[in-house]
Amino acid sequence: VGHVVDMFGEDRLSDHIFKDRIKLNVINIPTPIMQRTAVNRPLYTGITGIDLLYPIGRGQRQLILGSKKTGKTQIALDTIVNQKDSEMICIYIAIGKTKKEVKQIYKELFQKGAIRNTIILTAFQDDCTPQLLLTPQVGLSIAEYYMMQQKDVLVVIDDLSKHADIYREIN
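Residues numbered from 1 in each chain as written. Predicted model: local features only at pLDDT ≥ 70, side-chain atom pairs only at ≥ 80, totals over all residues. Heavy atoms only, no water.

A few words now on the layout of surface pockets. Space inside the second largest pocket adds up to approximately 750 Å³. Along its surface, the second largest pocket is lined by 21 residues, and G9, R21, I22, L24 and I142 are the ones closest to its centre. Elements supplying a minimum of two residues to the lining of the second largest pocket: β5 (118-124) and α4 (129-148). Sort the elements by how many residues they give to the lining of the second largest pocket and α4 lands first, with five residues. In terms of residue class, the lining of the second largest pocket is made up of 14 nonpolar, three polar and four charged. (1 Å grid on protein atoms, 1.4 Å probe; cavity = no way out; pocket = protein on both sides within 12 Å on 5 of 7 lines; lining within 4 Å. Points joined across faces, edges and corners; volume = space filled by probe spheres on them. Helix = DSSP H or I, 4+ residues; strand = E, 2+ residues; numbered from the N terminus. Nonpolar A, V, L, I, M, F, W, Y, C, P; charged D, E, K, R; others polar.)

As structure tokens, this is what we get:
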């Protein structure tokens, strides 16, 4: 938490390898639908227009769609920043971004005090294809680990279209 890491637990900004890593299964059996609890607690994004018009619940999946350069990433980052005073763990998964872009995201979250409860999991655009493909699954496994510890987790995957392009390339 508080670092930019890859799926192997290596800090991608300082090349530091953490000693206290935990092995997690990437592929897990999902909880059957009948055993899941109802979505009944709100997640406030801190963006009034969204919170009033499109209420989001904790445990709910939400997709942000839009054209390029319309602020989708900024909405996600603002939502992470607005969780800084809560106990929520935020996981920002950056797929296919440049190191410069990820550094800017880290810097923004750091300056706004939101990095202390945020993990930035990244696969840079020049990383190998399997790493680019598996990073979202690893991020969701990390989220599931915290969820099993009864913690609320916000996961942002940015950008799934790059992930889909890579998937199409290999198939």
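We are not done yet, so read on.
Now for the sheet that holds strand β1 (residues 4-5). In spatial order, the strands read β1-β5-β4-β6; together these four strands make up an open sheet with parallel pairing. The open sheet terminates on both sides in strands that have one partner only, identified here as β1 and β6 (153-158). Pairing geometry for β1 and β5, over two bridges, is parallel. Paired with V5 across the two strands is L121, which belongs to β5. With respect to the sheet, α4 is in contact with β4 (89-97), β5 and β6, its orientation differing from that of β5 by roughly 165°. (Pairing = 2+ DSSP bridges. Contact = heavy atoms within 4.5 Å. Axes fitted to C-alpha atoms, helices over the stretch in contact; angles between N-to-C directions.)

This next bit is on the nonpolar core. Of all hydrophobic cores here, the largest spans 21 residues; its most connected members are I80, Y92, L109, I120 and L154. Of all the secondary structure elements, the ones that give two or more residues to this core are α2 (72-81), β4, α3 (99-111), β5 and β6. Not counting residues up to four positions away in its chain, the partners in contact with L109 are L77, I80, V81, A114, I115, T118 and I120. In terms of nonpolar packing, the next biggest core, distinct from the first, is built from 16 residues, I89, I91, I95 and Y146 among them. (Core = buried A, V, L, I, M, F, W, Y, C linked by side-chain atoms within 4.5 Å. Buried < 20%, exposed > 50% of the residue type's maximum accessible area, 1.4 Å probe, protein only.)

Along the chain, the position of D11 falls in the loop between β1 and β2 (42-43). Of the side chains bearing the opposite charge, R12 lies closest to the buried D11, which forms no salt bridge; the N-O distance is 7.6 Å. Among the polar contacts listed, one links the side chain of D11 to the side chain of H3, at a separation of 3.1 Å. Within the structure, the side chain of D11 is placed 2.9 Å from the backbone nitrogen of L13, a separation counted as a polar contact. (Lys, Arg positive; Asp, Glu negative; His and termini not counted. Salt bridge = Lys/Arg side-chain N within 4 Å of Asp/Glu carboxyl O. Polar contact = N/O pair within 3.5 Å; in protein donor to acceptor, adjacent residues only side chain to side chain.)

What follows concerns the pairing of β4. Counting buried residues in β4 gives nine out of nine residues, a clear majority hidden from the surface. Strand direction decides the pairing type here: β4 and β6, joined by six bridges, are parallel. Bridge pairing links I91 to V155 in β6. Here β4 pairs with β5 via seven bridges, running parallel. Its bridge partner being in β5, Y92 is matched across the sheet by I120.

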